[in-house]
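If you want the building blocks of each chain, they are given just below.
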Amino acid sequence: MITLTVLVGLVVFGVSLGIYVHSSPLLKRGVRTSAVCVNVGQVAAGSMLLLEYTPVGAPARQYAVGPFAFPPVRVGSRIDVIYDPKRPHEVSLPERLPKSERGLVVAMAVSGAVLAACAMRIVLAVQG
């Protein structure tokens with residue numbers, strides 16, 4: 001039971017941390033711009049879009065996003081993206097970002113507390 005709890009705690013913590021690291025700069029200082037769809041490709045899980053956007057004062061960049069069961073745009077159409085002006089390669093569709101960082105921080109805190117409790121129980125079991 002402890003092993004399963006540790007595994008679940010690690011997975012939740014890792015996923016929350018990954019989303020936080022990617023989303024936090026975009027939520028804090030992200031710049032919304034319009035991207036053009038330059039290609040639509042098929043993969044086993046659906047359609048992938050290749051989007052091209054131009055950060056302020058930088059050359060055009062491309063961003064692959066998906067998969068989609070039904071692509072939101074066709075080649076030549078425009079869609080909004082948010083990029084980090086300090087690192088223009090960090091980009092996301094606005095609807096794929098969390099609304100705030102609060103939920104991610106809570107998930108990391110709860111999973112961290114579960115991991116600490118499991119570690120404490122393991123230490124006590126080894127000592128006793």
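Up top you'll find the structure we're talking about.
What you see is a predicted model; the values in this text were computed from it and never measured. The written sequence of each chain sets the order in which its residues are numbered from 1. Residue-level local features of this predicted model are given only where pLDDT is at least 70; pairs of side-chain atoms are given and counted only at 80 or more, and the full residue set underlies all totals for whole chains, interfaces and linings. Note that water and hydrogens are dropped before the side-chain values are worked out from all heavy atoms of the structure.

Peer 1: Would you take a moment to explain the overall build of the chain for this structure?
Peer 2: Secondary structure elements are taken from DSSP: a helix is a run of H or I of four residues or more, a strand is a run of E of two residues or more, and numbering for both begins at the N terminus. Looking only at helices and strands, the chain features 2 helices and 5 strands. Going residue by residue from the N terminus, the α and β elements of the chain occur as α-β-β-β-β-β-α. For a compact globule of 128 residues, the expected C-alpha radius of gyration is about 14 Å, and the chain comes in at 20 Å, more than 25% above that figure. Each of the three principal axes of the chain carries a C-alpha extent, and together these read 65 × 35 × 20 Å. For every residue, the accessible area obtained with a 1.4 Å probe (protein chains only) is divided by the maximum for its type, and the residue is called buried under 20%, exposed over 50%, and partly exposed between those limits. Scored against the burial criterion, the 128 residues of the chain give a buried share of 29%. Once local pairs closer than 6 in sequence are excluded, the contacts in the chain between residues at least 24 apart make up 61%. Here the Shrake-Rupley method, with its probe set to 1.4 Å, supplies the accessible areas, and only the displayed protein chains count as covering residues. Only carbon and sulfur atoms are counted for the fraction: they give 64% of the accessible area of the chain, which is about 8100 Å². We take the radius of gyration over the C-alpha atoms and set the globule estimate at 2.2 Å times the residue count to the 0.38 power. Contacts were defined at the residue level, with two residues in contact if any of their heavy atoms lie within 4.5 Å.

Peer 1: Just checking my understanding: could you explain the nonpolar core for this structure?
Peer 2: If you look at soluble globular proteins, the nonpolar side chains tend to sit buried side by side. Nonpolar cores were defined as sets of buried Ala, Val, Leu, Ile, Met, Phe, Trp, Tyr and Cys residues, with membership established by side-chain atoms within 4.5 Å. In terms of nonpolar packing, the biggest core is built from 14 residues, with Leu49, Leu51, Tyr53, Val65, Val81 and Leu93 touching the most fellow members. For this core, the secondary structure elements donating two or more residues are strand E1 (31–43), strand E2 (46–53), strand E3 (61–68) and strand E4 (78–84). Not counting residues within four places of it along the chain, the set of residues in contact with Leu93 comprises Leu51, Tyr63, Val65, Phe68, Ile79, Asp80 and Val81.

Peer 1: Sorry, what's going on with the sheet that holds strand E5 (residues 87–92) here?
Peer 2: Either a parallel or an antiparallel arrangement is found when strands of a sheet pair, and the pairing is made through backbone hydrogen bonds. In this analysis, strands are considered paired if DSSP registers two or more bridges between them. Spatially, E3-E2-E1-E4-E5 is the arrangement adopted by the 5 strands of the open sheet, whose pairing is antiparallel. This sheet does not close on itself; its edge strands, each paired only once, are E3 and E5. If you compare each strand with its neighbour and ignore which way they point, the axes differ by 45 degrees on average. Under this scheme, a helix contributes an axis fitted over its contacting stretch, all axes are lines through C-alpha atoms, and angles between N-to-C directions fall in the 0 to 180 degree range.

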